[in-house]
Amino acid sequence: GLEDGVLTGLGKVISDSCVVIGGTGADNDLSGHWMIAGPDGVLKAGAAVLVCDWPWKIGVSYQGGYLATEHEGVVTAAEGRRSISIDNAPAVDVYERWMKKTLPRGVSVLPDTTLTPLAVAHGAGGGLDVHVLVHPERVNADGSINCFATTTKGDRILMSVPESARFSY
């Protein structure tokens, strides 16, 4: 839950050309008992950050493992990590149409959405469009989707698929 704030803070003190590589806490069974490996052992809350600085140019050949699809819209209402609507419709209605399947309500949807996560466009870098994954966590009764990252009204949001995907959505 701290990733957004940590990245925002880092963005205030490091160059836009700095490459940030990392991930988020996880567990083995999607029970919500997230853990992070830190220098003093396993953390149940917090963030682990590694900063490297040297005079040579840094290149990155891996962006995240997912590719954008043609399924795209605009977040029209959001509160923190809860995407309420996309293109003025309940977020889940739009997302389910893109996925061509119905998601369960009130339980973790990560097993159902890992191969089709949402992503928010964040400009371009190195000749590629940059997207930040916004994995859905839970669908609420009102049609909103709790996610593992923040969305904001006006964000361009899309569905992505693994780079290795050989099927069409």
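As shown above, the structure is provided for reference.
Residues numbered from 1 in each chain as written. Predicted model: local features only at pLDDT ≥ 70, side-chain atom pairs only at ≥ 80, totals over all residues. Heavy atoms only, no water.

What follows deals with the pairing of strand β4 (residues 82-86). On a regular strand, one side chain projects to one face of the sheet and the next to the other, so that they alternate. Sheet topology places strand β3 (residues 66-79) next to β4; 4 bridges connect them, and they run antiparallel. Looking across to β4, one finds that alanine 78 is bridged to serine 83. Bridge count between β4 and strand β9 (residues 145-147): 2 bridges; the pairing is antiparallel. Within the sheet, the bridge partner assigned to arginine 82 lies in β9 and is asparagine 146. As paired elements, β4 and strand β5 (residues 89-90) share 2 bridges and run antiparallel to each other. Across the sheet, isoleucine 86 pairs through a bridge with alanine 89, a residue of β5. Counting the residues between successive antiparallel strands, the hairpin from β4 to β5 contains 2 residues, one of them, aspartate 87, with a positive phi of roughly 50°. (Pairing = 2+ DSSP bridges. Helix = DSSP H or I, 4+ residues; strand = E, 2+ residues; numbered from the N terminus.)

Let us look at the environment of alanine 121. By the secondary structure assignment, alanine 121 is in strand β6 (residues 118-125). Judged by relative accessible area, which is 19%, alanine 121 ranks as buried. As for alanine 121 and valine 132, which are separated by 11 residues in sequence, their C-alpha atoms are 6.6 Å apart. Beyond its immediate chain neighbours, meaning those up to four positions away, alanine 121 contacts Val130, His131 and Arg156. (Buried < 20%, exposed > 50% of the residue type's maximum accessible area, 1.4 Å probe, protein only. Contact = heavy atoms within 4.5 Å.)

Phi is positive for aspartate 87, close to 50°, though the residue is something other than glycine. On the secondary structure map, aspartate 87 appears in the loop between β4 and β5. When its relative accessible area of 41% is taken as the criterion, aspartate 87 is described as partly exposed. In this structure, asparagine 88 takes a positive phi of about 65° despite not being glycine. Relative to the helices and strands, asparagine 88 resides in the loop between β4 and β5.

The subject of this paragraph is helix α2 (residues 91-99). Among the 9 residues of α2, 7 are classified as buried, and the element is accordingly described as predominantly covered. Among the residues of α2, those classed as buried are Ala91, Val92, Val94, Tyr95, Glu96, Trp98 and Met99. Trailing α2 by a residue or two, lysine 100 shows a phi angle of about 65°, which is positive.

Here we come to the nonpolar core. Soluble, globular proteins show a tendency: their nonpolar side chains are buried together. Judged by nonpolar contacts, the single largest core of 19 residues is most densely connected at Tyr95, Trp98, Leu103, Ile145 and Ile157. Only α2, β6, β9 and β10 (156-162) provide two or more residues apiece to this core. The greatest single-element share of this core, amounting to 6 residues, is contributed by α2. (Core = buried A, V, L, I, M, F, W, Y, C linked by side-chain atoms within 4.5 Å.)

With that settled, the discussion passes to the pattern of salt bridges. Inspection of the entire model under this criterion finds 5 salt bridges. Here arginine 82 and glutamate 79 are joined by a salt bridge, their closest N and O atoms 2.8 Å apart. A residue is classified by how much of its surface remains accessible, and arginine 82, at 21% relative accessible area, is partly exposed. Among the charged side chains, a network of salt bridges with common partners joins Glu79, Arg82 and Asp142. (Salt bridge = Lys/Arg side-chain N within 4 Å of Asp/Glu carboxyl O.)

Our focus in this paragraph is the side chain of aspartate 155. Turning to its location among the elements, aspartate 155 is positioned in the loop between β9 and β10. Here aspartate 155 occupies a buried position and makes no salt bridge, while the nearest side chain of opposite charge, arginine 156, is found at 9.2 Å. From its side chain, aspartate 155 meets the backbone nitrogen of threonine 152 in a polar contact 2.7 Å long. In contact with aspartate 155, other than residues within four places in its own chain, are Gly73, Val74, Val75 and Val120. (Lys, Arg positive; Asp, Glu negative; His and termini not counted. Polar contact = N/O pair within 3.5 Å; in protein donor to acceptor, adjacent residues only side chain to side chain.)

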